[in-house]
Amino acid sequence: MADIFEDFADLDELAGDLRAADPGQRRIAVLALRDSGDPAAIQLIGDLATDPDPGVRSEAAAALAAFDGVETAGHLATYLVDEDHEVAQAAAQSLTELKQSAAAAPLLA
């Protein structure tokens, strides 16, 4: 019987999934990172701003809404200027979820 309190996937394993050839697999890894709630996931998700697939970048920008703080805002600032409109829109939506006033600093730069 499956454990209803099963642990989220290991971040190292998910980091490997972020390098998969299949964009679908990368998007699933982003969702798992978002759901992990682990602050270490912020950097992993933020690094996807250079992913070649706009769907992955859009999912990553949306996933950052699950986190807060200056580091998150810094990554969202990068996604906000993405050449793909849907990515930039997802970043803008995620920015509306930030609650810490210090998160404005990366956006002002």
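What you are looking at is a predicted structure, and each value in this text was computed from that prediction instead of being measured.

1. A look at the environment of Asp22
Consideration 1: Along the chain, the position of Asp22 falls in the loop between α1 (11-17) and α2 (23-36).
Consideration 2: Taking the C-alpha atoms as reference points, Asp22 and Asp53, 31 residues apart in sequence, are found 9.7 Å from one another.

2. Considering the packing of α2 against helix α4 (residues 54-63)
Consideration 1: In the contact formed by α2 and α4, the axes pass within 9 Å of each other and the chain directions differ by 5°. Taken together, the axes of α2 and α4 are roughly parallel relative to one another. Judged by residue contacts, Pro23, Arg26, Arg27, Val30, Leu31 and Arg34 of α2 engage Gly55, Val56, Glu59, Ala60 and Ala63 from α4.

3. Describing the nonpolar core
Consideration 1: Counting 25 residues, the largest nonpolar core has Leu33, Ile45, Leu48 and Tyr79 as the members making the most contacts within it.
Consideration 2: Among the elements of the structure, α1, α2, α3 (41-46), α4, α5 (70-80) and α6 (85-95) are those that each provide at least two residues to this core.
Consideration 3: Once residues within four sequence positions are removed from consideration, Ile45 is found in contact with Val30, Leu33, Arg34, Ala60, Ala63, Leu64, Phe67 and Tyr79.

4. Section: α5
One full turn of an α-helix is made of 3.6 residues, so residues set three or four places apart face in the same direction.
Consideration 1: Considered for burial, the residues of α5 that qualify are Thr72, Ala73, His75, Leu76 and Tyr79. Axial view of α5: buried residues confined to an arc of 165°, hence all on one face.
Consideration 2: Elements that come into contact with the buried residues of α5 comprise α3, α4, α6 and α7 (105-108).

5. Concerning the environment of Asp10
Consideration 1: Structurally, Asp10 is set in the segment before α1.
Consideration 2: According to the relative accessible area criterion, Asp10 is partly exposed, its value standing at 45%.
Consideration 3: Counting along the chain gives 23 residues from Asp10 to Leu33, while the straight-line C-alpha distance between them is 9.3 Å.
Consideration 4: In terms of polar contacts, Asp10 uses its side chain to reach the backbone amide nitrogen of Asp12, at 3.0 Å.

What counts and what doesn't
Residues numbered from 1 in each chain as written. Predicted model: local features only at pLDDT ≥ 70, side-chain atom pairs only at ≥ 80, totals over all residues. Heavy atoms only, no water. Helix = DSSP H or I, 4+ residues; strand = E, 2+ residues; numbered from the N terminus. Axes fitted to C-alpha atoms, helices over the stretch in contact; angles between N-to-C directions. Parallel < 35°, antiparallel > 145°, perpendicular 65-115°, else oblique. Contact = heavy atoms within 4.5 Å. Core = buried A, V, L, I, M, F, W, Y, C linked by side-chain atoms within 4.5 Å. Buried < 20%, exposed > 50% of the residue type's maximum accessible area, 1.4 Å probe, protein only. Arc of directions from axis to C-beta. Polar contact = N/O pair within 3.5 Å; in protein donor to acceptor, adjacent residues only side chain to side chain.

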